[in-house]
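# Structural characterization, general
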Amino acid sequence: MRWLIWVGFALVWGVWTAGVAVATQLLGWLASVLGTGDGGSVAQAVQAIPWPAWLLAWVDRAWLDALAAAVAQSWAWLTTVLPLAATVAGWLVPLAWVVWGLVTAGLLAGAIGLHWLVGRLPAHRTVVWGTVGGGRHR
């Protein structure tokens, strides 16, 4: 049972880490694009996002292009809402990794707690030839 806890932890942690890695790559790219200060080229740059090769192996290119198109269409709204977007995006990358560390610590604490809890449960007796505990039934 303990191995199942750690396999589950590893799977959840792997998905969480991959999600944060993708988000930080996109935020870093966004900070560099916003740092240029040219609002007209941002919409074009969003259309030509350099998707990482490993991401394209897992996610359909058409879906990523549709996502980029949606971001490009909402650019006018983003520029009015986030006037300091370049600065904020630059701070979000380290903040994302801090949040990653906190969530990872929480996941690890949960896995350790479940590991401990399973160790405190009474052990099950082995059933041999239809008997339990020395061949005596009550």
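Just above, that's the structure.
Let us look at the structure shown here. (Residues numbered from 1 in each chain as written. Predicted model: local features only at pLDDT ≥ 70, side-chain atom pairs only at ≥ 80, totals over all residues. Heavy atoms only, no water.)

### Digging into the overall build of the chain
We apply this condition: Here a helix means four or more residues in a row that DSSP labels H or I, a strand means two or more in a row labelled E, and each is numbered from the N terminus. The classification of residues rests on relative accessible area computed with a 1.4 Å probe and restricted to protein chains. Under 20% of the type maximum is buried, over 50% is exposed, and intermediate values are partly exposed. In what follows, a contact means two residues having at least one pair of non-hydrogen atoms within 4.5 Å. Residue burial considers only the protein chains on display, and all accessible areas are found by Shrake-Rupley using a 1.4 Å probe.
Within the chain, the regular secondary structure consists of six helices and two strands. Its helices and strands taken in sequence order, the chain reads α-α-α-α-α-α-β-β from the N to the C terminus. The proportion of buried residues among the 138 residues of the chain is 17%. In the chain, once contacts between residues fewer than 6 apart in sequence are set aside, the share between residues at least 24 apart is 71%. Surface accessibility of the chain: about 9800 Å² in total, with carbon and sulfur atoms responsible for 72%.

### What about the environment of L27?
Residue position: L27 is located in helix α1 (residues 2–35). A sequence separation of 65 residues divides L27 from L92, and the C-alpha atoms of the two residues are 7.1 Å apart. Not counting residues within four places of it along the chain, the set of residues in contact with L27 comprises A89, L92 and V93.

### Topic: the nonpolar core
Going by this rule: Think of a nonpolar core as a cluster: buried Ala, Val, Leu, Ile, Met, Phe, Trp, Tyr and Cys residues, connected wherever their side-chain atoms sit within 4.5 Å.
Judged by nonpolar contacts, W29, I49, W51, L55, L64 and A68 together constitute the single largest core of six residues. Ignoring sequence-local partners within four residues, the contact set of L55 consists of V22 and L64.

### Observations concerning helix α4 (residues 61–73)
To be explicit about the condition: Expected span, for any helix, means 1.5 Å times one less than how many residues it has. This arc is built from the directions going out from the helix axis to the C-beta atoms.
The end-to-end C-alpha separation of α4 is 18 Å, in line with the 18 Å expected for 13 residues at 1.5 Å each. Listing the buried residues of α4 in full gives L64, A68 and A72. When α4 is viewed along its axis, its buried side chains cluster within an angular range of 80 degrees and face the same direction. Looking at α4, the residues exposed on the side facing more than 90 degrees away from the buried face are W63 and Q73.

### Re the side chain of T24
The condition is simple: As used in this structure description, the phrase polar contact means that two N or O atoms lie within 3.5 Å; if the pair is within protein, one of them must be able to donate a hydrogen and the other to accept it, and residues adjacent in sequence are counted only when both atoms belong to side chains.
Mapped onto the fold, T24 is located in helix α1. Accessibility expressed as a relative area gives 9% for T24, which makes it buried. For T24, the side chain forms a polar contact with the main-chain oxygen of A21, separated by 3.0 Å. Apart from the residues within four sequence positions on either side, T24 is in contact with V93, A96 and W97.

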